[in-house]
Amino acid sequence: MVQAAQKNLQTGEYYDTYFAKSVRDRPNFADESVKVYKEVEEMLDGTSLFGLQITCDFDHDFCKRGDLASMNAFSKTVNICPGIFSSTKMAPTSERIAQIPPTILEAHHSLSTVIVHEMTHTKRALAPVSGAIIARDYAYGWEACKALADGTFDWGCSDYANKTKTLCPDPTPDGPDGQCSAELSAANADNWAMVAAGIYFSQKCKRIIPIPTTSPSTADSGCPKYDDVIIDENGGDDFEPTGMVSFGDSFAAGMGTEKTTTSSCRVGSNNYGTLLNKYLREVIPIEKNMCSGDTTTGLERQIKEWKSTSTANFATLTMGGNDLGFSDIAWYCIVSRTVYRRRK
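For clarity, every value in this text was computed on a predicted model and none was experimentally measured.

Draft legend 1. Here's a closer look at the environment of cysteine 81. Among the structural elements, cysteine 81 can be located in the loop between strand E3 (77–80) and helix H6 (83–86). Assessed through its relative accessible area of 0%, cysteine 81 is described here as buried. For the pair cysteine 81 and histidine 60, spaced 21 residues apart in sequence, the C-alpha separation works out to 8.0 Å. Contacts of cysteine 81, omitting those with residues within four sequence positions, involve Phe58, Phe62, Cys63, Asp67, Leu68 and Ala69.

Draft legend 2. View of the packing of aromatic side chains. Counted according to the given criterion, the structure contains nine aromatic pairs. Ring centres of tyrosine 200 and phenylalanine 201 lie 5.3 Å apart, and the angle between their planes is 75°; on these two criteria the pair is classed as edge-to-face. Members of the aromatic cluster, connected to one another through ring pairs, are Tyr15, Phe19, Phe29, Tyr37 and Trp192.

Draft legend 3. Representation of the sheet that holds strand E1 (residues 53–55). Taken in spatial order, the three strands make up an open sheet running E1-E3-E2, and their pairing is mixed. With one partner strand each, in any of the chains shown, E1 and strand E2 (69–72) form the two edges of the open sheet. With direction set aside, neighbouring strand axes in the sheet form an average angle of 20°. Examined bridge by bridge, E1 and E3 share three bridges and lie parallel to one another. For glutamine 53, the partnering residue across the bridge sits in E3 and is threonine 77. In the packing of helix H9 (residues 111–119) onto the sheet, the strands contacted are E2 and E3, and the crossing angle to E2 comes to about 25°.

Draft legend 4. Summary view of the packing of helix H11 (residues 141–150) against helix H12 (residues 189–205). Running from N to C, H11 and H12 cross one another at 110°; their axes reach a closest spacing of 10 Å. Relative to H12, the element H11 lies roughly perpendicular. When you trace H11 past H12, the crossing you get is left-handed. Seen from H11, the contacting residues are Gly141, Trp142, Cys145, Leu148 and Ala149; seen from H12, they are Asp190, Asn191 and Met194.

Draft legend 5. Structural detail: the side chain of serine 185. Structurally, the position occupied by serine 185 is in the loop between H11 and H12. Accessibility expressed as a relative area gives 0% for serine 185, which makes it buried. From its side chain, serine 185 meets the backbone oxygen of alanine 182 in a polar contact 2.8 Å long. Those residues in contact with serine 185 that sit more than four places away from it in its chain are Tyr18, Phe19, Ala20, Val23, Leu148, Ala149 and Asn191.

Draft legend 6. Inspection of H11 at higher detail. The element H11 is largely enclosed, with a buried count of eight among its 10 residues. Burial in H11 covers these residues: Gly141, Trp142, Glu143, Ala144, Cys145, Ala147, Leu148 and Ala149. Taken together, the buried residues of H11 touch helix H2 (14–18), helix H8 (104–108), H12 and strand E5 (224–225). Following H11 by one or two positions, glycine 151 adopts a phi angle in the positive range, close to 85°.

Here is what the cut-offs are and how they apply
Residues numbered from 1 in each chain as written. Predicted model: local features only at pLDDT ≥ 70, side-chain atom pairs only at ≥ 80, totals over all residues. Heavy atoms only, no water. Helix = DSSP H or I, 4+ residues; strand = E, 2+ residues; numbered from the N terminus. Buried < 20%, exposed > 50% of the residue type's maximum accessible area, 1.4 Å probe, protein only. Contact = heavy atoms within 4.5 Å. Phe/Tyr/Trp six-rings, centres within 6.5 Å; stacked < 30°, edge-to-face > 60°. Pairing = 2+ DSSP bridges. Axes fitted to C-alpha atoms, helices over the stretch in contact; angles between N-to-C directions. Parallel < 35°, antiparallel > 145°, perpendicular 65-115°, else oblique. Left-handed = near helix turned anticlockwise from the far one by under 90°. Polar contact = N/O pair within 3.5 Å; in protein donor to acceptor, adjacent residues only side chain to side chain.

Treat this as a map of the structure, not an account of what it does.
The structure is reproduced here in C-alpha cells:
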C-alpha cells in the first residue's frame, strides 16, 4: 500500500482531497509525502533503525475499550487488538481487493490501512514533513478527514471530542474544542492512511475508487454526524526516544555490577542507563557520561563532555550523594561504627 502511494502519490483525487491546498502548496510537500510513505515501508520491512515490534496483547487496556490497534512510540510497538479481526466494518486487504471497494469508505476499512494509520503515529514516519512532529487523531473516517482538509472540521462536534486531549481549542479563554486548522490535515493519521488506501486499491482493482459526494447528516445538536468512524488512539504519550545519555555518580555508573571498567569512573556494565537501553531493545544510541565519585561539580563537566546533543532527547541522572559525603556515611553508619577510618 505505501509502495503504491510512493509511486502514484498524485494519481486520482485522494492527494488533493485529503491534504489542504495550503499544505499542497508548500514547496516540497509532495516530495516529503513520498518520503513519509518510504519511511513507513522501511519501518514495516525491518530495514529502518526504528526497530518496530508488533504484538497481539489482547489484554491491553486499549483493546478492552474496543480499539482495533494502537501505537506506542516510546516502546516502538504496534499492538493489534481482536477487534481488527472481529469488527464487521473491517476486512482483510485481500478480501477488499477481491470484492473491489465501492467507495473510499470500504477501502479505508481494511487491515493494511489500519497499519499505515498506526505507523504515522511516530516521529520517524513524519520526519520528512517540515514542521510536523507526529500524526495525531484529529479526525477519523473519509468524511471528517475531508472536512479537516477543507478547514470545516469541528473537533468539538465529534463523538470523540474531549475523550482524549484538547486538540483544537477554541481561541476564547477556557473555550471548548473548536474548528481545526486545515493545516492539520498533514498531521492527521487517517488522512495519510486515506490517501494511501485510495491509491492502492485503485491500482490493485484497476478502477478508480470514488470518494462519495454526499454530505454527512446532521445530529440533533446541529453537528455533522459521521457514520464511518472507527476510533483508535496512539498508545503512548507522544514521546519517542531517538537517543539517550546517562549522567551521574556511582549510583548511575553501576559500579560493581557485572563487569566494571578499570577507568577512574568505574562504570559497571549493568548500570541502569544501559538496562533501560536494553529494555528499548538497543535501537537507539546511548552515551555514558556518568562517573563514580563525581559531585554536582563533576556533573557540569559531564554535560560539557556530552557529544550526542543532536540525537539524544532524554537523559538519566542520579547525583548528589557525594556532595553529602555518602561514602563516609556508608562507612561509619553501615560498614563499621567502631573501626577507625583514616581520612585523606
